[in-house]
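What follows is the residue order along each chain.
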Protein chains: 2
Amino acid sequence: MNIEILNTGSELLLGTRLNTHGQWMGQELFKLGLRVSRLVTVPDGEAIHGALDEAVRRADVVLVTGGLGPTSDDITREAAAGVAGIELIEDEAALRSLEAFFAQRGRPMAPDNRKQAQVPVGAEVLPNPHGTAPGIYIPPRLNQAANCAVFLLPGPPRELYPMWAAEVVPKLRALSGGGFRSEMRQMTFAGVGESDLHQEVDTDLAQIEGLEVGYCARLGEVDVRLIGSQEAIDVGRARVMQSFSQQCFSEAGESLEEVVVKAMRVAGLKLATAESCTGGLIASRVTDVPGASAVLTHGWVTYANEAKMAELGVPAEVLAEHGAVSEAVAAAMAEGALKASGADLAVAVTGIAGPEGGSEEKPVGTVFLGVAEQGKAPRVVRQMHPRDRRGFKRMVSQSALDLIRQAVAKHEESNLIADSP
Amino acid sequence: MNIEILNTGSELLLGTRLNTHGQWMGQELFKLGLRVSRLVTVPDGEAIHGALDEAVRRADVVLVTGGLGPTSDDITREAAAGVAGIELIEDEAALRSLEAFFAQRGRPMAPDNRKQAQVPVGAEVLPNPHGTAPGIYIPPRLNQAANCAVFLLPGPPRELYPMWAAEVVPKLRALSGGGFRSEMRQMTFAGVGESDLHQEVDTDLAQIEGLEVGYCARLGEVDVRLIGSQEAIDVGRARVMQSFSQQCFSEAGESLEEVVVKAMRVAGLKLATAESCTGGLIASRVTDVPGASAVLTHGWVTYANEAKMAELGVPAEVLAEHGAVSEAVAAAMAEGALKASGADLAVAVTGIAGPEGGSEEKPVGTVFLGVAEQGKAPRVVRQMHPRDRRGFKRMVSQSALDLIRQAVAKHEESNLIADSP
């Protein structure tokens, strides 16, 4: 079933409002096994007419939001009636519930509101207990030329969401005949680039019948989306995991910080952070997660060398000999944070965010990441992320969180071995 | 000039990602005096072909984002070449910068990436220093049937935004012939809400002939945009400043952290941060600004009470008597940070981010912000930001940065007075 969404609203195109309907409706439709083939946004006023006319020719179902208000640029009702070639008439029941809405709030009904009771002849009124604009459902038989079902829905989420659940979902189920089902699985990876992942698995995935594969890369992570029958998904997932199970941090759409906080809570482990170049971003991402206070106890932003010495006990001679951006300093920062905090695990980063401060040996983008654990020697990795400042910080925080995730996983593994008889 | 935006990405229609490009591009175009007439979102793959074919027939300019990646469902290049009826060829220079991108990061280039150097014959390559996918500009003369300019732009914001500023804006200016000229001034305010600002000035602004006024609110700040003749803008600006000059932190579109770092650098002042509920976000925002190392020396994330005592010297009895979220603890944290760092100015925050931890006296959203300066008694303000965790952190960091901004301004003012004969 081919579904299109049509959002109206000048504020969405001027950028004064963010359009969240597309995401919300996409998620709701997917729950029903349905997918959106196109989403179109047009300004208030006349533009809806042409866009709707095109949409009903392409789609089986068109979901329109907005333009049902009382003002002169709210013309969705008129456009839909025009496209279907039917008249608008005042609906008795719709007018009565409009009047009741105002009476209940002790407010007079403005004359302009009366047009909100206009309905295309033969269409169905969808009650709106949360606002003045009733929804309208035009069944396919009324759009005879196009044979397309059209829903006119209010724009405000507090009106749209209840109407969706009560009125739209049952009609969509009936329209789709319940015949079409597809499952989806999404896996998220850190520590591997989109192109390397694609290169390794895509040819094999392409050979699995009935499997649709999508990739979506963000800074320092990549999603692989598998859509199809449960069987096709299982085979596809196994192929991806065969190569990248170590890099997969979530199959539930969680962020890396959510995964880290959850794993540390479950393991009963405490975390400390010692940050130079990321300037607090690692701690901030951890504390974005509810319940982070059970995990993170101490964090330091030791931007100045004096701070590294005084707060984390990094020896002056190590700084002098190796420089602040070095393996030795990353190790000393992690150890110092572990000692000062008494946490189970400490992560430290020191690097060159730029744009100043690079050298031939250590260009802008160089970073050393250290991990210290109670009773173990600290480990340090060197990475290179030549990006703008914020991109660099994001990549480094991503690597740091992934190092913590791996350290917690190893910790739990060795505990399991130690516990076994 | 009729402009359409075409966003590709299945994740946008499945609802797994929110499409923020529409809003951002709408705002950016508006700054140029341009408006979007339609925004269309289609899934990855073949759908881009039909949507682009329709768009070039309606519009003078089509801005496409996404689908320039290395994977099999990235076919924006192919679709654009097909619609224009021209061939794709490998561009020497594009291939070389692609190879340089990987070389700089010490990673081998996957063979799949090579297709990212394909360019329609005669089109212009738009360099992408932040990613692998170069942008492409197809001038109207190449789309002969439609006479429409087409821009192919990368999807990730970190790649799109710099390319927009460097490559797209100059071309849009040229295409629009600069004929639409109106001046614009934008002022950004913190510490006053959009509705209060609107309430106070909008009636007066509406009476200024030829002045168009726009408001744009983000978390903890609001823009006022004045568009019109220089004279109308000057009158409008004076009216806004009459009421809100204290709250205006930029007239150049700078972020609050940029303003703070710049002011402290100019004044030669050093900053320390002591964060509980913001978990490092204040320090992270400061260190997003190039040159922050000249300003921020020390930061602490003292999430646990032990950290507040050990790192900042908050007395145990103050914590016991007043609780961690209190005026006394905010003051002690700020003083402790000032003392331990030797900085000129320290800011401290302690509050309840939620969703747990609220009480009747101190509900979720309560925060105390302390500012300490060398030679002065610390000052503390109490605020209330009942929001989700990330929203709360953002609002608190915004208030903290604004307190620093005001403290620096006062410091400079009293210096001027002290210096005067």
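The shown structure was predicted, so the numbers you read here are calculated from the model rather than taken from an experiment.

What counts, and at which threshold
- Residues numbered from 1 in each chain as written.
- Chains lettered and ligands numbered in written order.
- Predicted model: local features only at pLDDT ≥ 70, side-chain atom pairs only at ≥ 80, totals over all residues.
- Heavy atoms only, no water.
- Core = buried A, V, L, I, M, F, W, Y, C linked by side-chain atoms within 4.5 Å.
- Buried < 20%, exposed > 50% of the residue type's maximum accessible area, 1.4 Å probe, protein only.
- Contact = heavy atoms within 4.5 Å.
- Pairing = 2+ DSSP bridges.
- Helix = DSSP H or I, 4+ residues; strand = E, 2+ residues; numbered from the N terminus.
- Phe/Tyr/Trp six-rings, centres within 6.5 Å; stacked < 30°, edge-to-face > 60°.
- Lys NZ or Arg CZ within 6 Å of the ring centre and 35° of its normal.
- Domains from an automatic or database assignment.
- Buried area = accessible area lost by both parts, 1.4 Å probe.
- Salt bridge = Lys/Arg side-chain N within 4 Å of Asp/Glu carboxyl O.
- Polar contact = N/O pair within 3.5 Å; in protein donor to acceptor, adjacent residues only side chain to side chain.
- Nonpolar A, V, L, I, M, F, W, Y, C, P; charged D, E, K, R; others polar.

J.: Where do I start with the nonpolar core in this structure?
T.: A general tendency of soluble globular proteins is for nonpolar side chains to be buried together. Counting 50 residues, the largest nonpolar core has A:Leu52, A:Val62, A:Val150, B:Leu6, B:Leu52, B:Val62 and B:Val150 as the members making the most contacts within it. With residues near it in sequence (within four places) discarded, B:Val150 still touches B:Leu52, B:Val56, B:Val62, B:Val64, B:Ile136, B:Tyr137, B:Ile138 and B:Asn143. Counting residues in each nonpolar core, the second largest holds 35 residues, with B:Leu271, B:Val295, B:Ala353 and B:Leu369 among its members.

J.: When you look at the pairing of strand β17 (residues 379-384) of chain B in this model, what are you seeing that I'm missing?
T.: Remark: a regular strand shows side chains that alternate across the two faces of the sheet. Residues and elements named next belong to chain B. For strand β16 (residues 366-373) and β17, the ladder comprises 6 bridges, and the chain directions are antiparallel. For Leu 369, the partnering residue across the bridge sits in β17 and is Val 381. Where β16 folds back onto β17 in an antiparallel hairpin, the turn is made up of 5 residues, including Gly 375, whose phi is positive at roughly 80 degrees.

J.: Would you explain the packing of aromatic side chains in this entry?
T.: Aromatic ring pairs are described here by two measures, namely the spacing of the ring centres and the angle between the planes. All told, the structure shown has 10 aromatic pairs over all chains when counted by the stated rule. Consider the rings of A:Phe189 and A:Phe244, whose centres lie 6.4 Å apart with planes at 75 degrees: the pair is edge-to-face. Here A:Phe244 lies in helix α8 (residues 230-244) and A:Phe189 lies in strand β9 (residues 183-190), a separation of 55 residues in the sequence. Just as A:Phe189 is buried, A:Phe244 falls in that class too. A centroid spacing of 5.8 Å and a plane angle of 75 degrees characterise the contact between B:Phe101 and B:Phe102, whose relative ring orientation is edge-to-face. Of the two residues examined, B:Phe101 and B:Phe102, each falls in the buried class. By way of ring pairs, the aromatic residues A:Trp24, A:Tyr161 and A:Trp164 are connected into one cluster. Above the plane of the ring of B:Phe101 lies B:Arg105, whose end atom (NZ or CZ) is 3.7 Å from the centre.

J.: Hey, could you run me through the domain arrangement of chain A in this one?
T.: Quite often, the size of an interface is put as the accessible area lost when its parts meet. Residue and element names in this part refer to chain A. Entries for chain A in the domain assignment read domain 1 (3-176), domain 2 (183-250) and domain 3 (256-419). Domain 2 and domain 3 are separated by 29 Å when their C-alpha centres are compared. Taken together, the 9 residues of domain 2 in the interface contact 9 residues of domain 3. Approximately 720 Å² of surface area, both sides summed, lies buried where domain 2 meets domain 3, with 58% of it carried by carbon and sulfur atoms. Applying the counting criterion to the domain 2 and domain 3 interface returns 0 salt bridges. Between domain 2 and domain 3 we count 3 residue pairs in polar contact (both at pLDDT 80 or more) in total. The element that contributes the greatest number of residues to the side of domain 2 that touches domain 3 is strand β12 (residues 248-250), accounting for 3 residues. Taken together, the residues that form the side of domain 2 that touches domain 3 break down as 4 nonpolar, 4 polar and 1 charged.

J.: Quick question: what am I supposed to make of the interface of chain B and chain A here?
T.: With 74 residues of chain B at the interface, the matching set in chain A holds 79 residues. Each partner contributes to the roughly 6,100 Å² buried at the junction of chain B and chain A, and carbon and sulfur atoms together form 51% of this total. Connecting chain B to chain A are 8 salt bridges. Among the ionic pairs, B:Glu54 bridges to A:Arg38, the shortest N-O distance being 3.2 Å. At the boundary of chain B and chain A, one finds 34 residue pairs in polar contact (both at pLDDT 80 or more). Breaking the side of chain B that touches chain A down by element, the ones donating at least two residues are α1 (10-14), α2 (21-31), β2 (36-42), α3 (47-58), α10 (281-286), β14 (296-302), α11 (305-312) and α14 (389-419) of chain B. Per-class residue counts for the side of chain B that touches chain A are 28 nonpolar, 28 polar and 18 charged.

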